[in-house]
Amino acid sequence: FMTFFIATSLQFDVSQQISLTVVELGENITLHCPVPEKEDKFYWYKQSLGHMAQTVAAVIVKQITITEQFKDPRFTVKKEEAQYLLTIRNVSKEDEATYFCQTGTTYSLTSGSGTFLAEKHVYVKQSPETASVQLGDPMTLQCSLLSKNKETRVQCPGEHSVHWFRAGSGGSHPGIIYTQRNRSDEEEERSCVYSLSKTIQDSSDSGTYYCAVVTCGEILFGEGTKVETIIIFSVFEYNVTACTIF
């Protein structure tokens, strides 16, 4: 018997960087990988942290095959124009991993683009939801970066990663009013708390105040605090004595 071996050359483009894609649990996500016109082989891979890469799908002579481990309605692969799309529906915690592709011929495969699919672990909460402030009085708004997992410690962004915006009551577009300089880390609460203190000078200070936190390559916005100004009028009572002249 004679045995023949076919050598396959695998090339990696070390200049390519892994991008970051952040999703909510339960969302759908589609990953893209461009391919040249003349290719007869294509692969989608999943590599979880600390594990070897797993083949999600293989395309041989334009025939798409999902591997046994990923034969789940949540995973679909299709070709659209000059790219292959990997769609993951109802994203779960187990889907968190690096996904990358390879394309080429029987004798030469080239590593394509890759992205790290990460679950959104944190969210922003503002308090209070509404505030009524008398003219000339100070107010303090809070913006908290919280972890969805009580066992996970939040990594607090730097001082220039938090911004405050105000949208006027007249429907004007939000304008930046403040860049955070101070923060407090509440380790027991697994949160980062940022505060905005401001004195309400006149009615133009009313509106909805939003905080924006830049973290993990994305911008998270709070739901806003609606600030209204109030005017208190002093009421004086006068006693009028009626005099009768005879």
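The structure under discussion appears in the preceding block.
Just so we're clear, the structure is a prediction, and the values are computed from it rather than from any experiment.

(A) Representation of the state of the cysteines. Throughout the structure, instances matching the rule amount to two disulfides. Between the sulfur of C33 and that of C101 lies a disulfide, 1.8 Å long from S to S. Residues C33 and C101 are joined by a disulfide whose S-S torsion is about 65°; by sign, that bridge is right-handed. With C33 in strand β3 (residues 29–34) and C101 in strand β9 (residues 97–104), the pair connects residues that are 68 residues apart, well separated along the chain. For C143, the disulfide goes to C211, at an S-S distance of 2.1 Å.

(B) The arrangement of the side chain of K41 in detail. Within the element layout of this structure, K41 appears in strand β4 (residues 41–47). Here K41 occupies a buried position and makes no salt bridge, while the nearest side chain of opposite charge, D40, is found at 6.3 Å. Excluding residues within four positions of it along the chain, K41 makes contact with V59, I60, Q102, T103, G104, T105, T106 and L109.

(C) Up close: the environment of K120. Mapped onto the elements, K120 comes out in the loop between β10 (108–119) and β11 (122–127). Separated by 28 residues in sequence, K120 and K148 place their C-alpha atoms 8.4 Å apart. K120 has contacts with V22, V23, E24, K148, E218 and L220, leaving out every residue within four places of it along the chain.

(D) Main features of the pattern of salt bridges. Going through the model one piece at a time under the given rule, you end up with eight salt bridges. For E68, the salt bridge goes to K71, with nearest N and O atoms at 3.5 Å. By relative accessible area, which is 63% here, E68 ends up exposed. The salt bridge involving D72 is made with R74; its shortest N-O contact spans 3.8 Å. On the basis of relative accessibility, which here comes to 29%, the residue D72 falls in the partly exposed class.

Analysis parameters
Residues numbered from 1 in each chain as written. Predicted model: local features only at pLDDT ≥ 70, side-chain atom pairs only at ≥ 80, totals over all residues. Heavy atoms only, no water. Disulfide = S-S within 2.5 Å. Helix = DSSP H or I, 4+ residues; strand = E, 2+ residues; numbered from the N terminus. Buried < 20%, exposed > 50% of the residue type's maximum accessible area, 1.4 Å probe, protein only. Lys, Arg positive; Asp, Glu negative; His and termini not counted. Salt bridge = Lys/Arg side-chain N within 4 Å of Asp/Glu carboxyl O. Contact = heavy atoms within 4.5 Å.

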